Amino acid sequence: MARITAGIGSSHVPLLGVAVDQGKTRDEYFSPIFAGYDWTRDWEKQQKPDVVILVYNDHASFFDMKIVPTFAIGCAERFGICDEGWGPRPVPDVEGHPDLAWHIAQSLILDEFDMTIVNEMDVDHGLTVPLSMMFDTPKTWPTKVIPLAVNVVTYPVPSGNRCWALGEAIRRAVESFPEDLNVQIWGTGGMSHQLQGPRAGLLNREWDNKFLDMLVGDSDAARWIPHIEYLRETGSEGIEMVMWLIMRGALGKKTRCLHRHYHIPCSNTAIGHIVLEPEA
Ligand code: DHB
Ligand code: FE
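Residues numbered from 1 in each chain as written. Chains lettered and ligands numbered in written order. Predicted model: local features only at pLDDT ≥ 70, side-chain atom pairs only at ≥ 80, totals over all residues. Heavy atoms only, no water.

1. Some thoughts on helix 6 (residues 205-214)
Every buried residue of helix 6 is accounted for by Trp207, Asp208, Phe211 and Leu212. All buried residues of helix 6 project into a common sector of 140 degrees when viewed along the axis, lining one side. The inward-facing, buried residues of helix 6 abut helix 7 (227-234), helix 8 (242-249), strand 10 (254-266) and strand 11 (269-279). (Buried < 20%, exposed > 50% of the residue type's maximum accessible area, 1.4 Å probe, protein only. Helix = DSSP H or I, 4+ residues; strand = E, 2+ residues; numbered from the N terminus. Arc of directions from axis to C-beta. Contact = heavy atoms within 4.5 Å.)

2. Observations concerning the packing of aromatic side chains
Think of a pair of aromatic rings as described by two things: how far the centres are apart, and how the planes are tilted against each other in angle. Going through the model one piece at a time under the given rule, you end up with 9 aromatic pairs. Geometrically, the ring pair formed by Tyr29 and Phe30 is edge-to-face, given 5.1 Å between the ring centres and 85 degrees between the ring planes. Pairing Phe30 with Phe34 gives two aromatic rings, centres 6.4 Å apart and planes at 70 degrees, and the pair type is edge-to-face. Taking the relative accessible area as the measure of exposure, Phe30 reaches 9% and is therefore buried. (Phe/Tyr/Trp six-rings, centres within 6.5 Å; stacked < 30°, edge-to-face > 60°.)

3. A look at the coordination of the iron ion (ligand 2)
Distances from the iron ion (ligand 2) to its protein donors, His12 (NE2), His59 (NE2) and Glu240 (OE), fall at 2.0 to 2.2 Å. Taking relative accessible area as the criterion, Glu240 reaches 5% and is therefore assigned buried. (Donors = N, O, S within 2.8 Å, 3.2 Å for Na, K, Ca; no water.)

4. Notes on the side chain of Thr5
Tracing the backbone shows Thr5 in strand 1 (residues 3-10). Polar side-chain contacts of Thr5 include one of 2.6 Å to the side chain of Asn182. Residues in contact with Thr5, not counting those within four places in the same chain, are Asn182, Val183, Gln184, Glu277 and Pro278. (Polar contact = N/O pair within 3.5 Å; in protein donor to acceptor, adjacent residues only side chain to side chain.)

Written as structure tokens, this is what we have:
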């Protein structure tokens, strides 16, 4: 059967895509950020996941106010790269896994999560930047990807508890797929950042690190953090961290931390990432 073997939470700052595309990853500014991902890049080379369920948000690049799906699953063979204003990033298209994606969609919907099924979609920096951080600049991405887009841009945004429960349902879905597949789940976005208004530039090292602590072990306290706490403590865009809870929920009762990294600042954002394994 298919198994979720690991989870990653990671920021998805668009500037890091620019650094990769322009060969600046070891410049003074970017070096401490990319050095924090060295361990994870090496680890991924050994892990060789068949499929990554990549939980991310579209930043009004593909979706817009015409249609705002709360949870959308990409079931296509292939996903193109969004033009976010400077042309699409020069990265490979993303190859999907339609059989597993449709299986997950069916399992989730019968499990009472009403997913939007998307058969044609381009993906933005929320998805491509984490791929670049984990896999560098390959000619084709070394894993298939099932994009799972979450609305964290237009309120009402799903609650942390709903996200955690969706993760639990994703685990049930993956474990009922008969093919032997090594599946990872990534949650992207965050950490603390606010991109506009009087509090633009807000960062909160202490809160972010407490959040990272909460993802390790057997506590499920993070699922109960209310939206207003993300807004107050981590800025308006810190709400992206609810997507990490889908990843955490999919790892089961208890996790073990394999690697963790945090750095301030990266563009306007606190960059953090964590690699977790499910623990029986
Ligand atoms: C930045 C961070 C994000 O998560 C994002 O989606 C856009 C911009 C930033 O820090 O510049
Ligand atoms: Fe973002």
